[in-house]
Every structure is written in C-alpha cells, then in structure tokens.
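Structural overview for review
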Amino acid sequence: MSLKQYSPRPPRLLIFLLCILLLPSQARGAADDSHKKGQTQAQGAADDSPKRGQLVIIKEKTSGSWPIKLKVSLFVEVPQKILWRVLTDYKGLDEYVPHLKKCTIADRKGDKVFLEQTYRYFPLTMHLGLEIKEEPPNRIVFDSYSGNMKTYKGYWKLEPVHSKSTVFTMEVEAEPNFPVPHTIMAWVLESELPKGLLAMRERALKISGQPVPTYPIKVLTR
C-alpha cells in the first residue's frame, strides 16, 4: 500500500462524541460573554445618571456634522414638584437664566405654550420661537418654529430620586441658520446649557427654603 493511498480518518463515533462534549461548553461561553456584555451596558447606563454633587454632560460624536446633539443631567436637592414649578414659570426665566435676555409667552393653546426667546452669548445671538408641549408632572418637549436656528428641539425631564431630590435632564439638537463654525457652536452649548440647569437648581432651592449646598458640583463629560 502506498502512502498516498493511506489517509487515516478518526472514527465517526469519536467525532460525534467530541461534538456533544464541545458544543455545550461553547454555548455556555457565549452565554457568559452575553451576560457580561449586558452587565457592562447596564452599568454604563446607570453611570450616566448623576449622583449628589454631579452634573453629567453626554456629547454624541457627530464628527463635525450637524445637528449638534447634547444631553445634560444634574442632581437637584428638591422634590420634583418644586422643579416643575420653576421650569414652567416661563415669564420668570429671563430673571436668572444666564444670557437669556428675553422670554415672553406669545400664545397658549391647550397643553402647548409658544415662547419668544433671545439669548446672547458672545459672539452669538440666538432668536428662538419655541413650541412647548407640557407632559406633567415630569416632561416638557420643545421645538423651534421660528428664529435664526434651523434646528433647536429636545426635551426637559424630571426623574424623582426619592421624595426630596430629582435628576433634572435636558437633551437638545441644535443647528444654526447662520454661519458659525461647528466647534464654536458646540462650545457655546456645552458651556451654557449646564449654567442654565444650575441656575434653575439654585432657584428651586430658594423656593423650597433651602440654602445652596456648600459642596462643589463635579462636572463629568462622556
């Protein structure tokens, strides 16, 4: 017999037994990997929610394309109903929100409020006509209907942590209708939107009769 004619093959029974032994192990490995991945994703989602003394900024990576998408969340040491009262006091917003020079109610129709706003951040001026849809007690959706922004829409959301504290979130998509570098517009939003939430926190604490806590707010960017 020549070497070419002889090619030993493992018995079919042995192959069958190996498959039975290996497949459950592979399946267990895949299940373990899936479980670990799920744990990691759940942990990441939990980490996005700010704790006491934290403000979280989440930037969606758009590679310099429009619109800019930004989410800001702040832990606020007051009940949800107090923060809702502050958020829906539209006439009083320009008294304390940084760079908001004008905020007037143009109209009301059912659960919708139409606001006219002007913000001035050097070197930008933003004119906004906003359609506000209230979804009490914890959500307000907004979208621009006029002004010099091609896109300006998003929502505010209030999530009770317990009876005396709330996570306050604002998410926005923004694209100007005037020439401005993407980096400048992104810088303005990333620096000014958190200031607005912090100003509302201070207002809510004042209304609730509490002093502003002495601990600093830690900003986390993701």
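Figured I'd write up the structure that's included with this text.

The next subject is the packing of aromatic side chains. How two aromatic rings sit relative to each other is set out by the distance from centre to centre and by the angle between their planes. Following the criterion strictly, the structure yields 4 aromatic pairs and no others. When the centroid spacing of 5.8 Å and the interplanar angle of 15 degrees are considered together, the rings of tyrosine 119 and tyrosine 121 count as stacked. One exposure class covers both tyrosine 119 and tyrosine 121, and it is buried. Aromatic pair phenylalanine 142 and tyrosine 152: ring centres 5.8 Å apart, planes at 35 degrees, arrangement tilted. Here tyrosine 152 lies in strand E7 (residues 149-162) and phenylalanine 142 lies in strand E6 (residues 139-147), a separation of 10 residues in the sequence. With respect to burial, phenylalanine 142 and tyrosine 152 carry one shared label: buried. An aromatic cluster is present here, built from Phe142, Tyr152 and Trp156 joined pairwise through their rings.

Turning to the nonpolar core, a few remarks are in order. Grouped together as the largest cluster of nonpolar side chains are 49 residues, with contacts concentrated most on Ile132, Tyr152 and Phe168. In terms of residue count, helix H3 (residues 182-207) provides more of this core than any other element does, 10 residues in total.

Let us look at helix H2 (residues 80-87). Burial analysis of H2 places 6 of its 8 residues in the buried class, which makes it a mostly covered element. Each element contacted by the buried residues of H2 is listed here: strand E2 (68-76), strand E5 (124-135), E6, E7, strand E8 (165-176) and H3.

Bringing the environment of leucine 130 into the picture now. Examined against the element boundaries, leucine 130 turns out to sit in strand E5. Distance in space between the C-alpha atoms of leucine 130 and valine 141 is 9.8 Å, their sequence separation being 11 residues. Each residue touching leucine 130, except ones within four places of it in the same chain, is listed here: Val113, Phe114, Leu115, Gln117, Phe142, Asp143, Ser144, Tyr145 and Tyr152.

Attention now goes to the packing of H2 against H3. Look at H2 against H3: their axes get within 9 Å of each other, and the N-to-C directions meet at 120 degrees. The orientation of H2 relative to H3 falls into the category oblique. H3 is crossed by H2, and the crossing has right-handed handedness. On H3, the residues touching Ile82, Leu83, Arg85, Val86 and Leu87 of H2 are Met200, Arg203, Ala204 and Ile207.

So, on to the pattern of salt bridges. Charged atoms that come close allow side chains of opposite charge to pair. Following the criterion strictly, the structure yields 12 salt bridges and no others. Across the pair arginine 201 and glutamate 77 runs a salt bridge whose closest N-O atoms are separated by 3.0 Å. Linking arginine 201 in helix H3 with glutamate 77 in the loop between E2 and H2, this pair joins segments that are 124 residues apart in sequence. This pair shows no difference in class: arginine 201 is buried, exactly as glutamate 77 is.

Let us look at empty space enclosed by the protein. Where empty space is left becomes clear once a probe the size of a water molecule has been rolled over the atoms. Following the criterion strictly, the structure yields 1 cavity of 30 Å³ or more and no others. If you add up the space inside the largest cavity, you get close to 220 Å³. Every element with two or more residues in the lining of the largest cavity is listed here: strand E4 (112-121), E7 and H3. Of the residues belonging to the lining of the largest cavity, the class tally is 14 nonpolar, 2 polar and 1 charged.

Okay, the sheet that holds E5 next. Read across the sheet, 9 strands follow the order E3-E4-E5-E6-E7-E8-E2-E1-E9 without closing on themselves; strand pairing throughout is mixed. Since the sheet does not close on itself, it has two edges, and those belong to strand E3 (100-109) and strand E9 (218-221), each with one partner. Neighbour to neighbour, the strand axes of the sheet diverge by 20 degrees on average, direction disregarded. Across 9 bridges, E2 lies against E8 in antiparallel orientation. Note that in E8 the partner of lysine 71 across the bridge is glutamate 171. Its contacts with the sheet put H3 on strand E1 (54-59), E2, E4, E5, E7 and E8, and the angle it makes with E2 is roughly 20 degrees.

Reading guide: rules and limits
- Residues numbered from 1 in each chain as written.
- Predicted model: local features only at pLDDT ≥ 70, side-chain atom pairs only at ≥ 80, totals over all residues.
- Heavy atoms only, no water.
- Phe/Tyr/Trp six-rings, centres within 6.5 Å; stacked < 30°, edge-to-face > 60°.
- Buried < 20%, exposed > 50% of the residue type's maximum accessible area, 1.4 Å probe, protein only.
- Helix = DSSP H or I, 4+ residues; strand = E, 2+ residues; numbered from the N terminus.
- Core = buried A, V, L, I, M, F, W, Y, C linked by side-chain atoms within 4.5 Å.
- Contact = heavy atoms within 4.5 Å.
- Axes fitted to C-alpha atoms, helices over the stretch in contact; angles between N-to-C directions.
- Parallel < 35°, antiparallel > 145°, perpendicular 65-115°, else oblique.
- Left-handed = near helix turned anticlockwise from the far one by under 90°.
- Salt bridge = Lys/Arg side-chain N within 4 Å of Asp/Glu carboxyl O.
- 1 Å grid on protein atoms, 1.4 Å probe; cavity = no way out; pocket = protein on both sides within 12 Å on 5 of 7 lines; lining within 4 Å.
- Points joined across faces, edges and corners; volume = space filled by probe spheres on them.
- Nonpolar A, V, L, I, M, F, W, Y, C, P; charged D, E, K, R; others polar.
- Pairing = 2+ DSSP bridges.

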